[in-house]
Each structure stands twice: as structure tokens, then as C-alpha cells.
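Structure assessment
So you can see what is in the structure, the chains are spelled out below.
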Amino acid sequence: MITVRRSFRLAVPLDDLVTYLEDFERTEEWDPGTVRCVRIDEGPVRPGSTWRNTSRFRGRTSELLYQLQVRDPARLVFVGTNKTVTSTDDMVFEAVSPGQTLLTYRASLRFKGLARLATPFLRAEFERLADEVVERLPSAVAARRP
């Protein structure tokens, strides 16, 4: 399994940041690997809500079905699956001051079958992608705020 973790501050109140990130369609705005993400159910976002996510990694496109597993006031957990990988995005939020939130973002990938053999060779690439999330997320959130 590959796990990457980043903790960083955003100049956004905790509730606003959770509301922004709970809609997984927005990964198109801040996740460098996401090409397209579409919600496939209806109603308010809640545990069980699902999205079809198309990602590009090392020139290859793959599709995962993501589901919101945990929606707490200070935590979101999304789990995506396909035949070769299970991906978990775990986000923990902490208000550090009015208008400032510390986000701890952990992405874990568990490869299945023969894809497991590539795990040791992919860690550096996933570390780079995590660094790009840290760079892109603050401006993506700022662009959405009134």
C-alpha cells in the first residue's frame, strides 16, 4: 500500500472548507490526476453519495467509483474502487483561528492482483501528486468563495 500525507493551512473557515471538499466533483479543480468526476446519485451529499472519477496517471486513464464513507463536521472519507486499486482519501479538519483551517489530507492506495508488484516504483510519483494538491487546493477553494 502507498500512503501519502500532507498537513497544511488554508485561509478558509472549517465549515466552508468541509462544504467545498464534500462535493467530490470538485476534485477536477484541485486534484492534478483527476480528468473528470461526475456524481451519479442525487440529493444532498451524505454518506453513501457516489461519484464516477476518471483519472490520468503516468499516461494511462482509469475510472474509479468513489463513495463518501464518512461525513463528520471535521472529517471526510472517500473510498474509490476498480478492479486494480482501492483508493482512500481521508481528510481531517481543525480550526486553528477564525478563518483558518488546518487540513490533514491522507491518500492511500492499495493495489490488487499483479498491480501490487508496481507499488514500490510508484511511491515517488504519488508523493509528487500530493505536493501538487497542496499547491492547487488553496486557489481552487478561493476561486469558489464569494
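Above this note sits the structure.
Residues numbered from 1 in each chain as written. Predicted model: local features only at pLDDT ≥ 70, side-chain atom pairs only at ≥ 80, totals over all residues. Heavy atoms only, no water.

1. A word on the overall build of the protein chain
Of the regular secondary structure elements, the protein chain holds three helices and seven strands. Along the protein chain, from the amino end to the carboxyl end, the secondary structure elements read β-α-α-β-β-β-β-β-β-α. Considering the protein chain as a whole, with its 146 residues, one finds that 40% of them fall into the buried category. Of the contacts formed within the protein chain by residues at least 6 apart in sequence, a portion of 48% connects residues at least 24 apart. (Helix = DSSP H or I, 4+ residues; strand = E, 2+ residues; numbered from the N terminus. Buried < 20%, exposed > 50% of the residue type's maximum accessible area, 1.4 Å probe, protein only. Contact = heavy atoms within 4.5 Å.)

2. Quick look at the sheet that holds strand β6 (residues 85-97)
Judged by pairing direction, the sheet is antiparallel, and its seven strands sit side by side in the order β1-β7-β6-β5-β4-β3-β2 without closing on themselves. Two strands lie at the open edges of the sheet, namely β1 (2-10) and β2 (34-39), each paired on one side alone. Ignoring which end each strand starts from, the neighbouring axes of this sheet average 20° apart. Here β1 pairs with strand β7 (residues 100-111) via nine bridges, running antiparallel. Looking across to β7, one finds that Leu10 is bridged to Thr101. Here helix α1 (residues 14-22) sits on the sheet and contacts β1, β3 (50-57), β4 (60-72), β5 (75-81), β6 and β7; the angle it forms with β6, its principal contact strand, is near 165°. (Pairing = 2+ DSSP bridges. Axes fitted to C-alpha atoms, helices over the stretch in contact; angles between N-to-C directions.)

3. Quick notes on the pattern of salt bridges
Using the criterion set out here, one finds seven salt bridges in the structure. Counted as one network, the salt bridges with shared partners bring together Arg75, Asp90 and Arg106. (Salt bridge = Lys/Arg side-chain N within 4 Å of Asp/Glu carboxyl O.)

4. Some remarks on the pairing of β7
Bridging between β6 and β7 involves 12 bridges; their strand directions are antiparallel. Among the inter-strand pairings, Val92 is bridged to a residue of β7, identified as Thr104. Once β6 ends, the chain turns through two residues before running back antiparallel as β7, passing Gly99 with a positive phi of about 85°.

The quantities given are spatial measurements derived from coordinates; they are silent on function.
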